[in-house]
Amino acid sequence: MISANLSAIFYLVSGVLFILALRGLSSPETSRQGNLFGILGMVIAITVTFLSTGNFSTGFIFVLIFILAGGSIGAFIAYRIPMTAMPELVAGFHSLVGLAAVFVAISAFLNPEAFNLGTPGNIKLGSLIEMSIGAAVGAVTFSGSVIAFLKLQGIMSGSPITFKGQHLVNAIILISIIVLIYLLCSTQSSNLFWILLTISFLIGFLLIIPIGGADMPVVISMLNSYSGWAAAGIGFTLENTALIITGALVGSSGAILSYIMCKGMNRSFFNVILGGFGATDDSVTNSTKEQRPVKSGNADDAAFLMKNASSVIIVPGYGMAVAQAQHALREMVDTLKKNDIKVSYAIHPVAGRMPGHMNVLLAEANVPYDEVFELEEINNDFANADVAFVIGANDVTNPVAKTDPQSPIYGMPVLDVEKCKSVLFVKRSLSPGYAGIDNDLFYKENTLMLFADAKKMTEDITKNL
Amino acid sequence: MEIDPLIFRLSIFILSIFVGYYVVWSVTPSLHTPLMSVTNAISSVIIVGAIIAGLSGNSNTVFNTSSIFGFLAIALAAINIFGGFLVTQRMLAMYKKKKKDKK
């Protein structure tokens, strides 16, 4: 058994190691080392916890069994999961953090002596507040992540689910959560604790159902943030520095990612969270739209255009992930490079279903990361490029965002694809993207539409090169 | 007058938010997905609370209502720790620089 002070110092060390783990991610070279720091931090935290409880009886054996059981499931998932399913995986993992926070809070509420928080029915006020906040946020994280998971997995429709008075219902529930925490602290009633948990689960569910599929990058980042705050809440209850530091890190990390994602769509956080985007009146776009001429081509035409180009910029989007076209795309690019054509990739911040989604897929297909550029880095290059190859992206290339103040996506930063000498647009049909608006790019003089499955089209082009 | 230890914890919390803010802004956007999976893994350090809860039973009864919730939380957090770190490792291993010698 080690002293409380010594274990506090070790918890601090593991907190610092977690900071270094995140710091490592500032470049791919240092990132692998960073991950090892994270693992080391975790090992220290767990070991110190064992040493400080000094309990190596039967219970200890069971703890090990549960760690091994959970660990093998986790390891199994980590090795088997395809990279395209990463958004679902992350959403699923968030839900587990949330649920674990809820369970720890329940456990502490039922048996406060084990945590030195007082006795049942007489828990220290501060601890009770921290505990109930941790539990409520954890419950919201859990049910919200489950919904996000179901939507991403396609088990539940990705379109927003809205009903009348939705915001009012949510507001009432949020207020009642605060009231319940207050009552819980003054009465210490366990019934109130269970009600608090139940309605927190409910609000997590209600908060996420109105948010549509393409807004998932914001939702996942937000839930990431919540899982951090839940951990921090529990950290205060347990008076554990490692947990407080980690909670704060994860909380701010998720918040920053949500901010970046919202900025990538030029929408306020509340606009996204209140949901329902894209569900508005698609009748307008349908009725006023006259049939405009579209040039469509086949793989042969596309191959011809690219062969004669000296530089090509590839714009991948969610459609590439759906079609699993990243490997086919890389093969096409390899062929282009053999013909001395310069190829780079342009990634919009909100391309895909989670932050950095496209980068991971391209990395999986062995695309060197120094050929992949962010929006600001590459946007000026479109004017000098010969061909832009848009594969599975749509709204993020729509020039309307720059020209039409009436458009719902006006002001959103977009890739200046239309400045290229010619644009190849791989898409299954002319249907509008997530924002429910027509893409002007389809009708431009220099755009050639390639109507096909992204993977099949890419393979065909490679054959024709 | 003594300062409440809560204030110290609150200070750590606030300062960590600032550290997190600056550290996360310096993360390159191409690594945002690994960032999410690794933050997932480290937030599962909540397992320390779960372990304390799991060990709270006395020597005669390992399992009581409170410790069962602890054990469940241990399993959930362990899934996340192993899954999170390993999947991050797997992703990071894929990020490669252009090979210079490649024709």
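Please read all numbers here as calculations on a predicted model, not as lab measurements. (Residues numbered from 1 in each chain as written. Chains lettered and ligands numbered in written order. Predicted model: local features only at pLDDT ≥ 70, side-chain atom pairs only at ≥ 80, totals over all residues. Heavy atoms only, no water.)

Observations regarding the nonpolar core
Reasoning step 1: Ile314, Phe382, Phe389 and Ile461 of chain A are the most contacted members of the largest nonpolar core, which totals 186 residues.
Reasoning step 2: Beyond its immediate stretch of four places on either side in the chain, Ile314 of chain A contacts Leu329, Met332, Val333, Val343, Ser344, Tyr345, Ala346, Phe389 and Ile391 of chain A.
Reasoning step 3: Grouped together as the second largest cluster of nonpolar side chains are five residues, Phe236, Ile244 and Ala248 of chain A together with Phe13 of chain B included. (Core = buried A, V, L, I, M, F, W, Y, C linked by side-chain atoms within 4.5 Å. Buried < 20%, exposed > 50% of the residue type's maximum accessible area, 1.4 Å probe, protein only. Contact = heavy atoms within 4.5 Å.)

Things to note about the pattern of salt bridges
A pair can form between side chains of opposite charge whenever their charged atoms are brought close.
Reasoning step 1: Summed over all chains, the structure comprises nine salt bridges over all chains.
Reasoning step 2: For the salt bridge of Glu239 of chain A with Arg9 of chain B, the shortest nitrogen-to-oxygen distance reads 3.5 Å. Taken together, the residues span two chains, with Glu239 of chain A in the loop between helix H8 (216-238) and helix H9 (241-265) and Arg9 of chain B in helix H1 (residues 5-25).
Reasoning step 3: Between Lys463 of chain A and Asp460 of chain A there is a salt bridge, with the nearest N and O atoms lying 3.6 Å from each other. Pair noted here: Lys463 of chain A and Asp460 of chain A are both in helix H18 (residues 454-464), with a separation of three residues, about one helical turn. (Salt bridge = Lys/Arg side-chain N within 4 Å of Asp/Glu carboxyl O. Helix = DSSP H or I, 4+ residues; strand = E, 2+ residues; numbered from the N terminus.)

Details of the confidence of the model for chain B
Reasoning step 1: The pLDDT averaged across chain B works out to 87; a share of 91% of its residues lies at or above 70.
Reasoning step 2: In the predicted assembly, ipTM is 0.92 and pTM is 0.89. (pLDDT = per-residue confidence, 0-100.)

Remarks on the pairing of strand S7 (residues 422-427) of chain A
Residues and elements named next belong to chain A.
Reasoning step 1: Most of S7 is tucked away, with six of its six residues classed as buried.
Reasoning step 2: Residues Ser422, Leu424 and Val426 point to one face of S7 and Val423, Phe425 and Lys427 to the other, with burial holding for every one of them.
Reasoning step 3: Taken together, the five bridges between strand S6 (residues 387-391) and S7 define a ladder with parallel strand orientation. Considered in S7, the bridge of Ile391 is made with Val426.
Reasoning step 4: Examined bridge by bridge, S7 and strand S8 (residues 447-451) share five bridges and lie parallel to one another. In the strand pairing of S8, Lys427 is matched with Phe451. (Pairing = 2+ DSSP bridges.)

Quick word on the pairing of strand S3 (residues 311-316) of chain A
Residue and element names in this part refer to chain A.
Reasoning step 1: When you tally the buried positions in S3, you get six out of six residues, the bulk of the element.
Reasoning step 2: Of the two faces of S3, the one holding Ser311, Ile313 and Val315 and the one holding Val312, Ile314 and Pro316 are both buried throughout.
Reasoning step 3: Judged from the four bridges that link them, S3 and strand S4 (residues 342-347) form a sheet pairing that is parallel. Paired with Val312 across the strands is Val343, a residue of S4.
Reasoning step 4: Bridging between S3 and S6 involves five bridges; their strand directions are parallel. By the bridge assignment for S6, Val312 is matched with Val387.

Structural notes on the interface of chain A and chain B
Reasoning step 1: On the side of chain B, 76 residues touch chain A, which itself brings 103 residues to the contact.
Reasoning step 2: Between chain A and chain B, a total of about 8,300 Å² is buried, with carbon and sulfur atoms accounting for 77% of that surface.
Reasoning step 3: Across the contact surface, chain A and chain B share one salt bridge.
Reasoning step 4: Taken together, the connections running from chain A to chain B amount to 17 residue pairs in polar contact (both at pLDDT 80 or more).
Reasoning step 5: Mapped by element, the contributors of at least two residues to the side of chain A that touches chain B are helix H1 (4-23), helix H2 (28-53), helix H3 (58-80), helix H4 (86-110), H8, H9 and helix H15 (357-364) of chain A.
Reasoning step 6: Ranked by residues supplied to the side of chain A that touches chain B, first place goes to H3 of chain A with 16 residues.
Reasoning step 7: Tallied by class, the residues present in the side of chain A that touches chain B amount to 64 nonpolar, 28 polar and eleven charged. (Buried area = accessible area lost by both parts, 1.4 Å probe. Polar contact = N/O pair within 3.5 Å; in protein donor to acceptor, adjacent residues only side chain to side chain. Nonpolar A, V, L, I, M, F, W, Y, C, P; charged D, E, K, R; others polar.)

Some remarks on helix H12 (residues 299-307) of chain A
Residues and elements named next belong to chain A.
Reasoning step 1: Every buried residue of H12 is listed here: Ala299, Ala302, Ala303 and Met306. Relative to the axis of H12, the buried residues are bounded by an arc of 100° and lie together on one face.
Reasoning step 2: Lining the buried residues of H12 we find S3, helix H14 (326-338), S6, S7, S8 and H18. (Arc of directions from axis to C-beta.)

Brief notes about the packing of aromatic side chains
Reasoning step 1: For the structure shown, the criterion picks out 14 aromatic pairs over all chains.
Reasoning step 2: Between the aromatic rings of Phe425 of chain A and Phe442 of chain A, the centroid separation amounts to 5.1 Å while the plane-to-plane angle is 85°, which identifies the pairing as edge-to-face. In this pair, Phe425 of chain A is assigned in strand S7 and Phe442 of chain A in the loop between S7 and S8, connecting sequence segments 17 residues apart.
Reasoning step 3: The class for Phe425 of chain A is buried, based on a relative accessible area of 0%.
Reasoning step 4: Taken together through their ring pairs, the aromatic side chains of Tyr259 of chain A together with Tyr21, Tyr22 and Trp25 of chain B make up a single cluster.
Reasoning step 5: Its guanidinium or amino end placed over the ring of Tyr318 of chain A, Arg353 of chain A lies 3.6 Å from that ring's centre, counting from NZ or CZ. (Phe/Tyr/Trp six-rings, centres within 6.5 Å; stacked < 30°, edge-to-face > 60°. Lys NZ or Arg CZ within 6 Å of the ring centre and 35° of its normal.)

Thoughts on the side chain of Asn240 of chain A
Reasoning step 1: Relative to the helices and strands, Asn240 of chain A is located in the loop between H8 and H9.
Reasoning step 2: With residues near it in sequence (within four places) discarded, Asn240 of chain A still touches Tyr11 and Gly235 of chain A together with Val48 of chain B.

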